[in-house]
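# Chains, contacts and geometry: an overview
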Amino acid sequence: MLDGKKSLFSGMQATGNLTLGNYLGALKNWVTLNEEYECFYCVVDEHSITVRQDPAELRKRARALLTLYIAAGLDPKKNCIYYQSHVSAHAELSWILNCYTYMGELNRMTQFKDKSAKHTDNINAGLYTYPVLMAADILLFQSDVVPVGSDQLQHLELTRDVAMRFNNLYGDVFTIPEAYLGKVGARIMSLQDPEKKMSKSDENPNGSIYLMDDTDTIIRKCKRAVTDSDNQILYSEDKPGIRNLIDIYSATTGLSKEEVEKEFDGKGYGDFKLAVGEAIVSVLKPLQDRYNELTADKVFIDQMIKENAEKASYYANKTLRKVQKKVGFPERIR
Ligand code: TYM
């Protein structure tokens, strides 16, 4: 709760190419929720350096991601869209919360286990305490709701636990946030291996639809999607490939699973895969067009970066000062 209005926080990493999973699991819901809440949408560049990055590339991707938030339909006059690294309170609160988070809790985080297995040469402390920075992001803005895909639920649970622990010690300092998962699309799977989530870091580009893929590429990837061989469009546990395509079709058209099954009753996988590809194009093409228009408008984007960093800092510092006082840091002399 911020100034009497419910608040919302979410963020994405500017690493790799964003996928349809990021869009359907998160960005799409951000756009539908943004009227109801005071919203903060962050490009979490500080999280990105837990894995080694090329500096010029990171800067470029961070700007592209921020532009994409706007292209997806978030009005930067109404929503606070900003870079995490421009608001120092994130790192400051993160340090404090580190002292209220147990190693046992961090040891259980599956994302840490996955990422450290992938980057054996660089298992750094930042990778380990990554979820604490995420908790700081969320708690700084007294967020009521955090729209994410299901892979982030464990981090959200940790955030809630740390916030409750802190509140139990010091009174009602933090709002306890709730995760928001969309009805469909919270876990979009790889087109090549439907047991695995669609991911920016997948080495096989055919497993993911990237938000900037052109029409032909999208259709081709859908046509090649791995499915079983019985040629029936049914939402079933033992048909993970078709189930994933139904989820994608349903999330992009707004139809329910039952309506999708009915629409394709008696039709084959070829027709269905083509329809899924076309449905994705109908969502991504306008997003890409708007993105290309926006990137040309440097002055507009620069101005909003400046204004929104100030706005985010204002709210973030309000929470930070309260926390600093609670833990016993000396008061600032004005
Ligand atoms: P990131 O950048 O990996 O992903 C951004 C958002 O996309 C969702 N997502 C998916 N949803 C459905 N299907 C998929 N295959 C899929 N892949 C990704 C993610 O769940 C996420 O919502 N740690 C976060 C970023 C973060 C954050 C935060 C999020 C940092 N601080 C505070 C919320 C609140 C991350 O790495 O997301």
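Residues numbered from 1 in each chain as written. Predicted model: local features only at pLDDT ≥ 70, side-chain atom pairs only at ≥ 80, totals over all residues. Heavy atoms only, no water.

### Here we look at the packing of helix α4 (residues 89-98) against helix α7 (residues 125-140)
For clarity, the cut-off: All axes here are fitted lines through C-alpha atoms, helices being fitted over the stretch that makes contact, and every angle between N-to-C directions spans 0 to 180 degrees. Only runs of H or I of at least four residues qualify as helices and only runs of E of at least two qualify as strands under DSSP, and these elements are numbered from the N terminus. For classification, angles of less than 35 degrees are called roughly parallel, those exceeding 145 degrees roughly antiparallel, those between 65 and 115 degrees roughly perpendicular, and all remaining angles oblique. Left-handed is the label given to a crossing in which the near helix is rotated counterclockwise from the far helix by less than a right angle, and right-handed is the label when the rotation is clockwise. Any two residues having at least one pair of non-hydrogen atoms within 4.5 Å are treated as being in contact.
Their axes nearest at 8 Å, the elements α4 and α7 cross at an angle of 120°. Taken as axis vectors, α4 and α7 run oblique relative to one another. Crossing hand, α4 versus α7: right-handed. Contacts from A89, H90, A91, L93, S94, L97 and N98 in α4 reach T129, V132, L133, A135, A136, D137, L139 and L140 in α7.

### Considerations on the nonpolar core
Within soluble globular proteins, side chains that are nonpolar tend to cluster in buried spots. Keep this limit in mind: Joining through side-chain atoms within 4.5 Å is the link that ties buried Ala, Val, Leu, Ile, Met, Phe, Trp, Tyr and Cys residues into a set, and such a set is a nonpolar core. Residue burial is assigned from relative accessible area. The probe radius is 1.4 Å, only protein chains are included, and a residue is buried under 20% of its type maximum, exposed over 50%, and partly exposed in between. As annotated, the domain borders come from an automatic or database domain assignment.
Within the largest apolar cluster, 61 residues are counted, with the highest numbers of intra-cluster contacts made by L27, Y69, I209, I248, F272, I280 and L284. If you count residues domain by domain, this core takes at least three from each of domain 1 (6-180 + 298-327) and domain 2 (205-293). When neighbours within four sequence positions are excluded, Y69 is seen to be in contact with G11, M12, L27, W30, Y41, C42, V43, L74 and I81. Listed in part, the 42 residues of the second largest apolar core include F9, V44, I96 and V146.

### Section: the pairing of strand β1 (residues 7-12)
Applied cut-off: Pairing between strands is defined by DSSP: at least two bridges between them are needed. Looking down the strands as they point away from the viewer, one classifies a crossover as right-handed if the path from the first strand across the helix to the second runs clockwise.
The element β1 is extensively covered by neighbouring structure, given that five of its six residues are classed as buried. Of the strand pairs in this sheet, β1 and strand β2 (residues 38-43) are connected by six bridges, and their pairing is parallel. Across the sheet, S10 pairs through a bridge with Y41, a residue of β2. Regarding the hand of the β-α-β motif, the stretch spanning β1, helix α1 (residues 20-33) and β2 is right-handed.

### A look at the site of the ligand
To keep it simple, the criterion reads: The near set for a molecule or strand comprises every residue that places at least one heavy atom within 4 Å of it. Pairs of N or O atoms are called polar contacts if they sit within 3.5 Å, as long as, within protein, a hydrogen donor faces a hydrogen acceptor (for residues adjacent in sequence, only side-chain-to-side-chain pairs).
Lining the immediate environment of the ligand, one finds 26 residues, of which Y130, D137, D151, I188 and K200 sit closest. In this structure, an oxygen atom belonging to the ligand sits 2.9 Å away from a main-chain N or O atom of Q13. A distance of 2.8 Å is found between an oxygen atom of the ligand and a backbone nitrogen or oxygen belonging to G149. At the level of secondary structure, the elements contributing two or more residues to the shell around the ligand comprise β1, α1 and α7.

### Here we look at the domain arrangement of the protein
Put simply, the rule reads: Here the quantity called buried area is the accessible surface, traced with a 1.4 Å probe, that two parts lose on coming together, added over both. Here, a salt bridge means any side-chain nitrogen of Lys or Arg that lies within 4 Å of a carboxyl oxygen of Asp or Glu. Residue type decides the class: Asp, Glu, Lys and Arg count as charged, Ala, Val, Leu, Ile, Met, Phe, Trp, Tyr, Cys and Pro as nonpolar, and the leftover types, Gly among them, as polar.
According to the domain assignment, the protein consists of domain 1 (6-180 + 298-327) and domain 2 (205-293). For domain 1 and domain 2, the distance between their C-alpha centroids amounts to 30 Å. Domain 1 puts 12 residues into the contact, and the matching count from domain 2 is 14 residues. Of the roughly 1200 Å² buried between domain 1 and domain 2, counting both surfaces, carbon and sulfur atoms make up 80%. Taken together, domain 1 and domain 2 are joined by zero salt bridges. Elements with a contribution of two residues or more to the side of domain 1 that touches domain 2: α1 and α3 (55-71). Here the residues of the side of domain 1 that touches domain 2 sort into eight nonpolar, three polar and one charged.

### As for the side chain of S208
Tracing the chain through its elements places S208 in the loop between β5 (178-180) and α9 (215-223). Of the residues examined, S208 reaches a relative accessible area of 0% and is grouped as buried. A polar contact of 3.3 Å, which involves the side chain of S208, links it to the backbone oxygen of S199.

### Re α1
Our working rule: Given the number of residues in a helix, its expected span is that number minus one, multiplied by 1.5 Å.
Spanning 14 residues, α1 covers 19 Å between terminal C-alpha atoms, matching the ideal 20 Å at 1.5 Å per step. Here α1 lies mainly inside the structure; 11 of its 14 residues are buried. For α1, the full list of buried residues reads L20, G21, N22, Y23, L24, G25, A26, L27, N29, W30 and L33. The residue sitting at the N-terminus of α1 and contributing the capping side-chain oxygen is T19; that oxygen lies 3.0 Å from the backbone nitrogen of G21.

### Brief notes about the packing of α3 against helix α13 (residues 298-327)
Running from N to C, α3 and α13 cross one another at 95°; their axes reach a closest spacing of 12 Å. When the axis of α3 is compared with that of α13, the two are roughly perpendicular. Within the contact between the two elements, α3 uses R63, L66, T67 and I70 and α13 uses K298, I301, D302, M304 and I305.

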